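Spelled out from the first residue to the last, the chains are:
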Amino acid sequence: MDPPVDLKVVKQDILAGIVECEKRCLLQCTKWLAELNHGLADTPLELRGNSAFENVHSGIEASEYDSYLLAKSYFLVREYDRSAYFTRNCLSPVPKFLHLYATYMSKEKKRLDNMTDSSVVSSVSHAKDFAELLSILRTEHSKDSLDGYCLYLYGVILKKLDLNDIAVRVFVEAINAEPTLWSAWLELAPLVNDKRMLEGLKLPNHWMKSIFEGYTYIELFQNDEGIKIFENLQKNGFGKCIFIPTLLAIAYSNKRDVDRSIDIFQHLQSVDPYRLDNLDSYSNLLFVKDMKTEMSHLAHKVVEINKYSPETCCVVGNYYSIRSDHYKAVMYFQRALKLNPRYLSAWTLMGHEFMEMKNTNAAIQSYRQAVEVNKRDFRAWYGLGQAYEILKMTFYSLYYYKAAQQLRPYDSRMLVALGETYEKLNKVADALKCYQKAYNVGDIEGVALYSMAKLYEKQGETEKAIPAFLKFCSDEKLIADKASLCHAYMTLGNYYEKIEDLDKASYFAYKCLDYEEMKREAESLLKSIANKRAHKATTSAAAAAANPSGAGKSTEEEKPTPEDVPAETYGEDMEMDETNLSKRIEVAMAEEEEEQEEEAGTSELAESSDMPEFHMEDSYDVNE
């Protein structure tokens, strides 16, 4: 989709949209459009005589205007029943929508107020609550008498009743009728399941389509496509619209480019210091980076702005969580949910806190509610998998990990979790596929290769395990779990000792001496290597003694030259380890052999002109 070229046309559309949404009390959509309009402040537009403002009173019959004004004032102070009552007989488009919208808001408010447990998102009574309103809208829709705004309301109710296929069609109708109605685009986005479905929607060729596509790609975790669209929009005049960099920050966060995401949020804070939207995402990033000081500043700041907003409660909950005060964190997440029972972040984060508190059942309940709010929340599915894994309910765990992996197909954490679950169920082939894919997509935690190698080792397929262990050990600085690294070194040392590659075996054995838990085993392996080297030296000496005429030549050939020294990393470490245990053992054994040879008085060996060569060979073997 090519970005809009004429920003004046864009701004004119936005102003017209603001007027229409304001008349109908669609407050969130009005706010969003106003923010977008402010970002285009550098685009000049003549306001006097502007057609957008000529429509301020359009859609309202003169005879209904007084009732409309009264109903609007009641709506704005949340007296929805009064608002609906005074517009009950209105037929013109704006008061008619206000009547239906006030009726909907009244039903929704009462439903939430009457919920016996505010910590549960209930959908059981939706059909009963909205039956009458749904019947009116369905009848009107069949007569094609609904405008874009009423279609949007119809779609919202269908979505609440899980009639998603019909809801998608209705939202598309609403968008085609009113392209600047951002609320309709926003409700449609979670119903888009994949890229193919997105491309198949019959959406208007409008500049809003680009914003919607970028937003939906990020919702689908196809972050590169979303970033490309929003960066393109920034270049074409939307750079100061605060919504665009916010979505870019979320996309970079999804890609685990945490530092870049934090930088964007910090810039947004300087531009709009009293903005609370998406600050829960910012606090999550500070939590991941363990930035306690910044988290503290943010928590104090949001409390000063608005103590009773869900975003504030969520930020404060994260603040207590980073301090490991899990009980207080849960309390603040619960406060956020009392203010907004469908606040996704609070459900998911509360589940994490219950997991920290070892309250698995409460965690499962929280994660289930998060999934109820948004079935695309991979963190909730992954949390459910972890919870059932703790309860040793492996098949349940497998189901939830699969759901998480389908949402994040290129996230190695999901693949590793899935692989471990398959391994527990003894599905070795599936587990190996998961580990291999996790490594191919970029192993975030650096455990996929180790898990794959361990599984090969467990199956007795050592030849396949060794390359995996070697790759795993190739960059030891990036490996956090030193116990795994030590096990890999020990396995490699034993393997190379077994196939008589004593240089490599010695290299990996020395590596293990740095770890206390493997030190004894490593010393034992080094003794075994020393014995084998000594045995080789003795065998070589005996062979040379048996064939004195060729001894000088053979030993001369065996002397190492610079070209023979392998260019691997093993050499340097071996030189550094000269003073270690292996050298002392080998020197002692060599001395003992020499004493035995002298006592035996082997005249042939003593008289041999190649005696210095044998000493050189002995010396080289020890120092190698």
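Residues numbered from 1 in each chain as written. Predicted model: local features only at pLDDT ≥ 70, side-chain atom pairs only at ≥ 80, totals over all residues. Heavy atoms only, no water.

1. Topic: the overall build of the chain
- Within the chain, the secondary structure is distributed over 35 helices and zero strands.
- Buried residues in the chain amount to 49% of all 624 residues.
- For the chain, the accessible area works out to roughly 32,000 Å², and carbon and sulfur atoms hold 50% of it. (Helix = DSSP H or I, 4+ residues; strand = E, 2+ residues; numbered from the N terminus. Buried < 20%, exposed > 50% of the residue type's maximum accessible area, 1.4 Å probe, protein only. Areas by Shrake-Rupley, 256 points an atom, 1.4 Å probe, with all protein chains shown as cover.)

2. Here's the deal with the side chain of S106
- By the secondary structure assignment, S106 is in helix 6 (residues 93-113).
- Within the structure, S106 has its side chain in polar contact with the side chain of D81 (distance 2.5 Å). (Polar contact = N/O pair within 3.5 Å; in protein donor to acceptor, adjacent residues only side chain to side chain.)

3. A few points about the UniProt feature "repeat: TPR" (unreviewed entry) in the chain
- UniProt records the feature "repeat: TPR" (unreviewed entry) at residues 310-343, 344-377 and 412-445, using the numbering of this structure.
- For residues 310-343, the helix share is 79%, the strand share is 0%, and the end-to-end C-alpha distance is 7 Å. (UniProt positions renumbered as here; feature names shortened; annotations may be inferred.)

4. Notes on the nonpolar core
- With 186 residues, the main nonpolar core has L26, W182, L188, I211, F230 and F238 as its most contacted residues.
- In terms of residues, this core owes the most to one element, helix 8 (residues 148-160), which gives nine residues.
- Residue contributions to this core reach at least three from each of two domains, namely domain 1 (375-472) and domain 2 (481-536).
- I211 has contacts with W32, L36, W182, F230, L233 and F243, leaving out every residue within four places of it along the chain. (Core = buried A, V, L, I, M, F, W, Y, C linked by side-chain atoms within 4.5 Å. Domains from an automatic or database assignment. Contact = heavy atoms within 4.5 Å.)

5. Here we look at the side chain of S451
- Mapping S451 onto the fold places it in helix 26 (residues 448-458).
- Once you skip the residues sitting within four places of it in the chain, S451 turns out to touch E420 and Y435.

6. As for the packing of aromatic side chains
- Per the counting criterion, the structure on display carries 30 aromatic pairs.
- Consider the rings of W32 and W182, whose centres lie 4.3 Å apart with planes at 10 degrees: the pair is stacked. Of this pair, W32 sits in helix 2 (residues 27-39) while W182 sits in helix 10 (residues 182-188); the two residues are 150 residues apart in sequence, bridging distant segments of the chain. In this structure, W32 and W182 share a single accessibility class: buried.
- Ring geometry for W185 and F212: centres 5.0 Å apart, planes at 50 degrees, overall tilted. In this pair, W185 is assigned in helix 10 and F212 in helix 12 (residues 207-219), connecting sequence segments 27 residues apart. (Phe/Tyr/Trp six-rings, centres within 6.5 Å; stacked < 30°, edge-to-face > 60°.)

7. Focus: unusual backbone geometry
- Within the chain, C25 stands out as a residue other than glycine whose phi angle is a positive 60 degrees.
- Along the chain, C25 falls in the loop between helix 1 (7-23) and helix 2.
- Relative accessible area serves as the criterion here: at 1%, C25 is assigned to the buried category.

8. Re the confidence of the model for the chain
- Summing up the model confidence of the chain, the mean pLDDT is 83 and the portion of residues at 70 or higher is 84%.
- Low pLDDT, under 50, characterises residues 551-582; the stretch is placed with 37 contacts to residues that sit more than four places away or in other chains.
- A low-confidence stretch, residues 599-624 stays under pLDDT 50, and its non-local contacts, those more than four residues away or across chains, total 37 contacts. (pLDDT = per-residue confidence, 0-100.)

9. Describing a nonpolar patch on the surface
- A contiguous nonpolar patch, built from L391, M393, F395 and Y396 and spanning about 400 Å² of accessible area, is present on the exposed surface.
- Within the element layout of this structure, Y396 appears in helix 23 (residues 394-407). (Patch = residues over 30% accessible without salt bridge, like charges linked within 9 Å, V, L, I, M, F, W, Y side chains within 5 Å. Salt bridge = Lys/Arg side-chain N within 4 Å of Asp/Glu carboxyl O.)

10. Here we look at the packing of helix 16 (residues 279-288) against helix 18 (residues 310-322)
- It is the contact of helix 16 with helix 18, at a shortest axis distance of 9 Å, that shows an interaxial angle of 10 degrees. As the angle between them shows, helix 16 and helix 18 are arranged roughly parallel. Where helix 16 approaches helix 18, its residues L279, D280, S283, N284, L286 and F287 are matched on the opposing element by C314, V315, N318, S321 and I322. (Axes fitted to C-alpha atoms, helices over the stretch in contact; angles between N-to-C directions. Parallel < 35°, antiparallel > 145°, perpendicular 65-115°, else oblique.)

11. Focus: the pattern of salt bridges
- All told, the structure shown has 21 salt bridges when counted by the stated rule.
- Residue K31 pairs with D277 through a salt bridge whose shortest N-O separation is 3.0 Å. Here K31, found in helix 2, pairs with D277, found in the loop between helix 15 (258-271) and helix 16; they are 246 residues apart in sequence, far enough to count as distant.
- Residue class for K31 comes out partly exposed when judged on its relative accessible area of 34%.
- The partly exposed category is assigned to D277, whose relative accessible area is 25%.
- A network of salt bridges, in which partner residues are shared, links E20, K23, R24 and D147.

12. A look at helix 20 (residues 344-356)
- In a regular helix each residue adds 1.5 Å, so 13 residues correspond to 18 Å; helix 20 covers 19 Å between its end C-alpha atoms and thus fits that length.
- Extensive coverage of helix 20 is indicated by the burial of eleven of its 13 residues.
- Buried within helix 20 are the following residues: L344, S345, A346, W347, T348, L349, M350, G351, E353, F354 and M355.
- Where helix 20 is buried, its residues meet helix 16, helix 18, helix 19 (326-339), helix 21 (360-373) and helix 22 (378-390). (Expected span 1.5 Å × (residues − 1).)

13. Re helix 1
- The terminal C-alpha atoms of helix 1, which comprises 17 residues, lie 24 Å apart, in line with the 24 Å expected from a rise of 1.5 Å per residue.
- Those residues of helix 1 that fall on the buried side of the exposure criterion are L7, V10, K11, I14, L15, G17, I18, V19, E20, C21 and K23.

14. Some details on the environment of K338
- Examined against the element boundaries, K338 turns out to sit in helix 19.
- Put simply, K338 and D113 are 225 residues apart on the chain and 9.9 Å apart in space, counted from C-alpha to C-alpha.

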